[in-house]
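What the coordinates show
Here is how the chains run, residue by residue.
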Amino acid sequence: MSTRIGILTSGGDCPGLNAVIRGVAKAAYELMDDVEIIGIIDGYRGLIEGEYKVMKQSDFSGILTLGGTILGTSRQPFKQMRVIGEDNVDKVKAMKANYKKMKLDCLLILGGNGTHKTAALLADEGLNVIGLPKTIDNDLYGSDVTFGFHTALDIATEAIDRLHTTAASHGRCMVVELMGNKTGWLTLYAGVAGGADIILLPEIPFDMDKVVKAVKKRAESGKAFSIIAVAEGAAEKSEPKKRRERLAARAEAGYKTISEKIAAAITEKAGCECRVVIPGHLQRGGAPSAYDRVLSTQFGAYAAGLIQKKQFGVTVAKVGNTITQNKLSEIAGKAKMVSPDDQMIVVAKDMGVSFGD
Ligand code: F6P
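Residues numbered from 1 in each chain as written. Predicted model: local features only at pLDDT ≥ 70, side-chain atom pairs only at ≥ 80, totals over all residues. Heavy atoms only, no water.

Looking at the sheet that holds strand β8 (residues 226-231)
Using the following cut-off: Being paired, for any two strands, means DSSP has found at least two bridges between them. A run of H or I in DSSP counts as a helix once it spans at least four residues, and a run of E counts as a strand once it spans at least two, with each numbered from the N terminus. Only the stretch in contact is used when a helix axis is fitted, and all axes are lines through C-alpha atoms; the angle between N-to-C directions ranges over 0 to 180 degrees. Working rule for contacts: check all heavy atoms of both residues, and any pair within 4.5 Å makes them a contact.
Ordered in space as β7-β8-β6-β9, the four strands form an open sheet in which the pairing is parallel. Every interior strand has two partners, whereas the edge strands, β7 (198-200) and β9 (274-277), have only one. The average angle at which neighbouring strand axes cross in this sheet is 15°, direction not considered. Both strand β6 (residues 173-178) and β9 contribute to a ladder of four bridges, which runs parallel. Bridging across to β9, Met-174 finds its partner in Arg-275. Contacting β6, β7 and β8, helix α7 (residues 208-220) runs over the sheet at an angle of about 165° to β7.

Structural data, given as structure tokens:
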């Protein structure tokens, strides 16, 4: 009797997804006899609509270094999962029915916070679910690191490195806006790695006057340029707390992003010419870093071991130097935020970095 393993990738893609898929598959074939792997297409959409393919062993060759996901992905907001839309589809009922139709013994779900909330819901509904923590934001509670984060960190750091030379040549301030709507781990680490002078995070609302003051202080010390690393979700203390209202207020004032607003303030009040750079989805593209290849392989192999032991309702994690697991029910929906007294914040402040607070 074969062990039928379903795999889906959900939410924003990132380098490392295929390395995890490869890790699970190769370890499962090694650990268990007669394994059948079912690739579910485009995340939860494929599970809802019953779109899948029976994978061949050869499908897992040559994908360790391949960015993106060979299965495709989609965003299916958790809050919509129990809502029956115009298509009159009961999504949870459809997912359970397709899980049964595919004759799955278990379902591996690779995704971030929202994906894990739906994974916990499916586990509560009786499906044998294992989560794998994916996101460049590194904001999954219970795991020190998620796959995708280190590759994005390398990309963002290289962007900041390159901005240093052009900023110094022109005596300009470069405002580099990095991904991270709700949490600032990527911006914090890339800011430290890239030697940014100012780092602005969603978790630490900032005072624009203090940002300007930090730029002016550097200018007075003879540094004609500054690098400002800002998370896309960062906000001024004075801005509306609700994201929609905040974005509307910025648009009203003529700014598409927080970075444009910061650049305008620095130009006007510090007299420093500014440029805004937004690497955007470059931070999610291309081949995984060596670190992420190793982490993804470790995560995949660990998940295959859980399948062999029939341990479900859990998500894989890295805690310290150990690959381990957490109960889905204990981590689902909990984001790991940057605490204002996080060690990395202290280190950055020791380097003289301003957080605008
Ligand atoms: O969740 C990861 C992430 O990259 C965020 O950092 C970013 O804000 C968002 O996804 C972008 O989403 P999309 O790829 O749907 O534009």
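Notes on the site of the ligand
Just so we agree on the cut-off: Near is defined per residue: the residue qualifies when any heavy atom it owns lies within 4 Å of the molecule or strand. Whenever two N or O atoms come within 3.5 Å, that pair is a polar contact, provided that in protein one can donate a hydrogen and the other can accept it, and provided that, for residues adjacent in sequence, both atoms are side-chain atoms. The Shrake-Rupley method, run with a 1.4 Å probe, gives the accessible areas here. Residue values count only the displayed protein chains as cover. Charged residues are taken to be Asp, Glu, Lys and Arg, nonpolar residues to be Ala, Val, Leu, Ile, Met, Phe, Trp, Tyr, Cys and Pro, and polar residues to be all remaining types, Gly included.
Around the ligand sit Arg-75, Ile-136, Asp-137, Met-179, Gly-180, Asn-181, Glu-232, His-281 and Arg-284, and that is every residue in its neighbourhood. Between Asp-137 and the ligand, the recorded distance is 2.8 Å, taken from a side-chain N or O atom to an oxygen atom. In this structure, an oxygen atom belonging to the ligand sits 2.8 Å away from a side-chain N or O atom of Arg-284. A total of 390 Å² of accessible area belongs to the ligand in isolation, and the protein chains cover 70% of it. Residue composition of the shell around the ligand, grouped by class: two nonpolar, three polar and four charged.

Let's talk about a positive patch on the surface
Our working definition: Patch criteria: residues need more than 30% relative accessible area and no salt bridge. Like-charged residues are merged within 9 Å; nonpolar side chains of Val, Leu, Ile, Met, Phe, Trp and Tyr are merged within 5 Å. Take a side-chain nitrogen of Lys or Arg and a carboxyl oxygen of Asp or Glu: if they are within 4 Å of each other, that pair is a salt bridge. In this count, Lys and Arg are taken as positive residues and Asp and Glu as negative ones, while His and the chain termini are left out. A charge is said to be at NZ when it belongs to Lys, at CZ for Arg, at CG for Asp and at CD for Glu.
On the surface, Arg-75, Lys-79, Lys-117, Lys-182, Arg-243 and Arg-244 cluster together into a positively charged patch. Inspection of the secondary structure assignment puts Arg-75 in the loop between β3 (52-54) and α3 (91-101).

A closer look at the packing of α7 against helix α9 (residues 258-270)
Helix packing for two helices is described by the angle between their axes and how far apart those axes are. Which entries qualify depends on this criterion: Relative orientations are named as follows: roughly parallel for angles under 35 degrees, roughly antiparallel for angles over 145 degrees, roughly perpendicular for angles from 65 to 115 degrees, and oblique for any other angle. By the definition used in this description, the sense in which the near helix is turned from the far one sets the handedness, with an anticlockwise turn below a right angle giving left-handed and a clockwise turn giving right-handed.
The interhelical angle for the contact between α7 and α9, taken along N-to-C directions, is 55°, at an axis separation of 10 Å. In terms of axis orientation, α7 runs oblique to α9. Where α7 crosses over α9, the handedness of that crossing is right-handed. Facing α7, whose interface residues are Met-208, Asp-209, Val-211, Val-212, Val-215 and Lys-216, α9 presents Lys-261, Ile-262, Ala-265, Ile-266, Lys-269 and Ala-270. For the contact of α7 with α9, a count of residues per class yields eight nonpolar, no polar and four charged.

So, unusual backbone geometry
Here is the rule: Per-residue accessibility, obtained with a 1.4 Å probe over protein chains only, is compared with the maximum for each type, and a residue is labelled buried under 20%, exposed over 50%, and partly exposed between these values.
Positive phi outside glycine occurs at Asp-34, with the angle close to 55°. Here Asp-34 falls in the partly exposed class, since its relative accessible area comes to 48%. With a phi close to 55°, Lys-103 is a non-glycine residue in the positive phi region. For Lys-103, the location among the structural elements is in the loop between α3 and β4 (106-111).

Describing the environment of Val-314
With respect to the secondary-structure elements, Val-314 resides in strand β10 (residues 314-319). Counting along the chain gives 13 residues from Val-314 to Lys-327, while the straight-line C-alpha distance between them is 4.4 Å. Residues contacting Val-314, with those up to four places away along its chain left out, are Val-129, Ile-130, Gly-131, Leu-306, Gln-325, Asn-326, Lys-327 and Leu-328.

With respect to the sheet that holds strand β2 (residues 35-40)
Spatial strand order, β3-β2-β1-β4-β5-β10-β11: seven strands in an open sheet with mixed pairing. Across the chains shown, the open sheet's two edge strands, defined by having one partner strand only, are β3 and β11 (322-327). Taking each pair of neighbouring strands and ignoring which way they run, the sheet shows an average axis angle of 25°. As paired strands, β4 and strand β5 (residues 129-133) are joined by five bridges and run parallel to one another. Counted as the bridge partner of Leu-108 is Ile-130 from β5. Sheet strands touched by helix α4 (residues 113-124): β4, β5 and β10. Its angle to β4, the strand with the most contacts, is close to 165°. Across the sheet, helix α10 (residues 290-308) lies against β1 (3-9), β4, β5, β10 and β11, angled at about 140° from β10, the strand it touches most.

Some details on the side chain of Asn-326
One can find Asn-326 in strand β11. Its relative accessible area of 18% is what places Asn-326 among the buried residues. Here Gly-142 takes part through its backbone oxygen, which lies 2.9 Å from a polar atom of the side chain of Asn-326. Ignoring sequence-local partners within four residues, the contact set of Asn-326 consists of Gly-142, Ser-143, Gly-313, Val-314, Thr-315, Ala-317 and Ile-331.

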